[in-house]
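This is what each chain is made of:
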Amino acid sequence: MDTNELTLKERSRFKNLEKKISELQSGFDQDESNLLGQIMKEYETRHLTYAGMTPIGAIKVRLEELQLKPRNLSQELYGRPRVTEIFQGKRNLSLSMIRNLAEKLTIPVEVLIKEK
């Protein structure tokens, strides 16, 4: 298995593990907590990349991870009709949409500006 491309199930397991670790972190001192945070960030950077994904693919993955639906993005994408057009590939993301999505979904901007 290529560790750079985890399945949705594996991504979900990672997020659950991350949540458990965050709960355990309350018993750590500040230095241990900082070190654990660095380790987790490094792991996420190495293993949970969006390499090879289209912007819409990355958005769909992130929505699933956050247990959201495309309609939850109507504010960031300026209305439900635009959400539909974007997910059907009829409309490209604008710069302001990319900024909004990157902030709400915590997807790197670089992933969202890729061409289809």
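In this text the structure is predicted, and so the values were computed from the model without any measurement.

**Q** Describe the overall build of the protein, with residues and values.
**A** Across its full length, the protein carries six helices and zero strands. The order of helices and strands in the protein, counted from the N terminus, is α-α-α-α-α-α. Pairs at least 24 residues apart make up 59% of the contacts formed inside the protein by residues separated by at least 6 positions. With the model as given, the accessible surface of the protein reaches about 8,200 Å², and the carbon-plus-sulfur share is 50%.

**Q** Outline helix α5 (residues 95–105), listing residues and values.
**A** A turn of α-helix holds 3.6 residues, and therefore any two residues three or four places apart point the same way. Those residues of α5 not exposed but buried are Met 97, Ile 98, Leu 101, Ala 102 and Leu 105. Buried residues along α5 cover an arc of 130° about the axis, so they all sit on one side. Of the exposed residues in α5, the ones pointing more than 90 degrees away from its buried face are Leu 95, Arg 99 and Glu 103. If you follow the buried residues of α5, they end up packed against α3 (55–65), α4 (80–87) and α6 (109–112). Two residues or fewer after α5 comes Thr 106, characterised by a positive phi angle close to 50°.

**Q** Got a sec to walk through the pattern of salt bridges? Specific residues and values, please.
**A** Counting across every chain of the model gives four salt bridges. The closest approach of N and O atoms between Lys 15 and Glu 18, which form a salt bridge, is 3.5 Å. Taken together, the positions of Lys 15 and Glu 18, both in helix α1 (residues 8–24) and three residues apart, correspond to about one turn of that helix. For Glu 76, the salt bridge goes to Lys 104, with nearest N and O atoms at 3.6 Å. Of this pair, Glu 76 sits in the loop between α3 and α4 while Lys 104 is found in helix α5, placing the two residues 28 residues apart along the sequence. Judged by relative accessible area, which is 35%, Lys 104 ranks as partly exposed.

**Q** Which residues make up unusual backbone geometry, and what are the values?
**A** Of note, Tyr 78 is a non-glycine position whose phi angle comes to about 65°, a positive value. Residue position: Tyr 78 is located in the loop between α3 and α4. Despite not being glycine, Thr 106 shows a phi value in the positive range, around 50°. Summarising the element assignment, Thr 106 is placed in the loop between α5 and α6.

The rules we used
- Throughout, a residue's number is its position along its own chain's written sequence, starting from 1.
- Confidence filtering applies because this is a predicted model: local features only for residues at pLDDT of at least 70, side-chain atom pairs given and counted only at 80 or more, and all residues used for totals across whole chains, interfaces and linings.
- The basis for every side-chain value is the complete set of non-hydrogen atoms in the structure, without hydrogens or water.
- Strands are runs of DSSP state E lasting at least 2 residues, helices are runs of H or I lasting at least 4, and numbering of each runs from the N terminus.
- Working rule for contacts: check all heavy atoms of both residues, and any pair within 4.5 Å makes them a contact.
- Where accessible areas are quoted, they stem from the Shrake-Rupley method and a 1.4 Å probe; at the residue level, only the protein chains shown are allowed to cover.
- Exposure is judged per residue with a 1.4 Å probe applied to protein chains only, and the accessible area is read against the type maximum: over 50% gives exposed, under 20% gives buried, and values in between give partly exposed.
- Comment: arc refers to directions from the helix axis out to C-beta atoms.
- Salt bridges are identified by distance alone: a Lys or Arg side-chain nitrogen within 4 Å of an Asp or Glu carboxyl oxygen.

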